[in-house]
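# Survey of secondary and tertiary structure
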Amino acid sequence: MHMGLSSFLRKIVKSACPSDCVFKEVGLNIALIPPPKEVLGVIISRDPTIRWLKFYKYVMDEIENNDIQRNILFASAIPYMLFKRITDFMDKKIRDDERNLFQLIFHKCYWTHLHKCFTDKSSGRFQFKMKYAKKCANKWLREELKIAIEDGAKFAIALGNDVQNWLKNQKIREKFEVINLPHPSGLNCKWSNTQDETIIGAICKLLKQCRSHVT
C-alpha cells in the first residue's frame, strides 16, 4: 500500500534517527513542511537554520491548515528566494513564464532538506556537518524521494553542492530529472553572473517542466 508524503512525514521522528547522530538527543526541531495536494517537483535545500526556527514553530503551532502553513513557510524562506533569484537572473526573458513558475514552485513543489534538524552555526556541536547530513539523508531523504516520485514528482531542484553531491550518488536520481541550481542565499555570488551557461541551462530545464505541467 502506497504511504504518501503526508503519512511518511509522521514517521520522521528523532527516536528513529541514526543513533550516532549528535542531533538525535537535542531539542532542536526537525523541519517538516506539508506537501501540496499535487506534487510535480521536489525542492531540496541543505539544512534549516536556527534563525528560522522560531518563525517555523509559530507557523506550525498557530496555523492548522496545511496549505496556509506551506505557503507562509515558502514565502519566508528558500522557495521564495529561489523564485526571486530566477526571475532576477532571467529578467525580461522570463516574463511570459513568471506566473506559471510561481504556480509551480508554490503550489506544485514539495520542499525538503538534506539535513532535517535545524543547525546552529554559532554552536560548534550543532553546526552543519556533511557526515551527519549524509546519515540523515540516507535514513530519510532517500525514501522520501521514492515516495515523492510515487506521488507524481517529475523532477527535483537540488540547491547547492552538498545536496547535489549526495544526490549524484543515489540510484533514485535515474527516476526523475535533477535540476542543479546554486543555493539562492543572498551571499551566493554565483547568481551574479547572468551569462553563466550552467545556471541558464538549469533554469531552461525548470521552465520546460513548467510549460509541460502548469497551464
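The structure under discussion appears in the preceding block.
Residues numbered from 1 in each chain as written. Predicted model: local features only at pLDDT ≥ 70, side-chain atom pairs only at ≥ 80, totals over all residues. Heavy atoms only, no water.

### Some details on the overall build of the protein
Counting its secondary structure elements, the protein contains eight helices and four strands. The globule rule puts the C-alpha radius of gyration for 215 residues at 17 Å, and the 17 Å found for the protein is close to it. Sorting the 215 residues of the protein into buried and exposed places 50% on the buried side. Accessible surface for the protein amounts to roughly 11,200 Å². Of this, 49% is attributable to carbon and sulfur atoms. (Helix = DSSP H or I, 4+ residues; strand = E, 2+ residues; numbered from the N terminus. Rg over C-alpha atoms; globule rule 2.2 N^0.38 Å. Buried < 20%, exposed > 50% of the residue type's maximum accessible area, 1.4 Å probe, protein only. Areas by Shrake-Rupley, 256 points an atom, 1.4 Å probe, with all protein chains shown as cover.)

### Quick word on the pairing of strand S2 (residues 109-113)
Taken residue by residue, a regular strand's side chains alternate between the two faces of the sheet. Of all five residues in S2, five are buried; the element is thus mostly enclosed. The pairing of strand S1 (residues 41-45) with S2 spans five bridges and is parallel. Paired with Gly41 across the strands is Cys109, a residue of S2. (Pairing = 2+ DSSP bridges.)

### Side note on the sheet that holds S1
Strand pairs in the sheet, formed through backbone hydrogen bonds, run parallel or antiparallel to each other. Read across the open sheet, the four strands follow the order S2-S1-S3-S4; overall the sheet is parallel. Of all the strands in the sheet, just S2 and strand S4 (177-181) have a single pairing partner and so form its edges. Between one strand and the next, the sheet's axes are offset by a mean angle of 20°, whatever the strand orientation. (Axes fitted to C-alpha atoms, helices over the stretch in contact; angles between N-to-C directions.)

### Let's talk about the nonpolar core
If you look at the biggest cluster of nonpolar residues, it comprises 75 residues, and the most contacted ones within it are Ile43, Leu82, Ile86, Leu101, Leu145, Leu181 and Ile203. For this core, the leading source of residues is helix H6 (residues 130-150), giving nine residues. (Core = buried A, V, L, I, M, F, W, Y, C linked by side-chain atoms within 4.5 Å.)

### Considering H6
The first and last C-alpha atoms of H6 sit 28 Å apart over 21 residues, in line with the 30 Å expected at 1.5 Å per residue. Roughly 45° is the biggest bend found in H6, and it falls at Ala137. Of all the residues in H6, the buried ones are Tyr132, Ala133, Cys136, Ala137, Trp140, Leu141, Glu144, Leu145, Ile147 and Ala148. (Expected span 1.5 Å × (residues − 1). Bend = angle between axes of the 7 residues up to and from the residue.)

### Brief notes about the packing of aromatic side chains
Scanning all chains against the criterion turns up 12 aromatic pairs. The interplanar angle of 50° and the centroid separation of 5.3 Å between the aromatic rings of Trp52 and Trp111 together place this pair among those described as tilted. Taken together, the residues Trp52 in helix H2 (residues 50-62) and Trp111 in strand S2 connect sequence positions 59 residues apart. For the pair Trp52 and Trp111, one class covers both residues: buried. Pairing Phe83 with Phe102 gives two aromatic rings, centres 5.5 Å apart and planes at 80°, and the pair type is edge-to-face. On the criterion of sequence distance, the pair formed by Phe83 in helix H4 (residues 78-90) and Phe102 in helix H5 (residues 98-107) is long-range, its members being 19 residues apart. Taken together, the ring pairs in this structure connect Trp52, Tyr56, Phe74, Phe83, Phe102, Phe106, Trp111 and Phe118 into an aromatic cluster. (Phe/Tyr/Trp six-rings, centres within 6.5 Å; stacked < 30°, edge-to-face > 60°.)

### Quick notes on the pattern of salt bridges
This structure, assessed with the given rule, holds 11 salt bridges. Arg70 is paired through a salt bridge with Asp67; the nearest N and O atoms lie 3.2 Å apart. Of this pair, Arg70 and Asp67 are both found in helix H3 (residues 66-76), three residues apart, which corresponds to roughly one turn of the helix. We classify Asp67 as partly exposed; its relative accessible area is 25%. Via salt bridges that share partners, Lys37, Asp67 and Arg70 belong to a single interconnected network. (Salt bridge = Lys/Arg side-chain N within 4 Å of Asp/Glu carboxyl O.)

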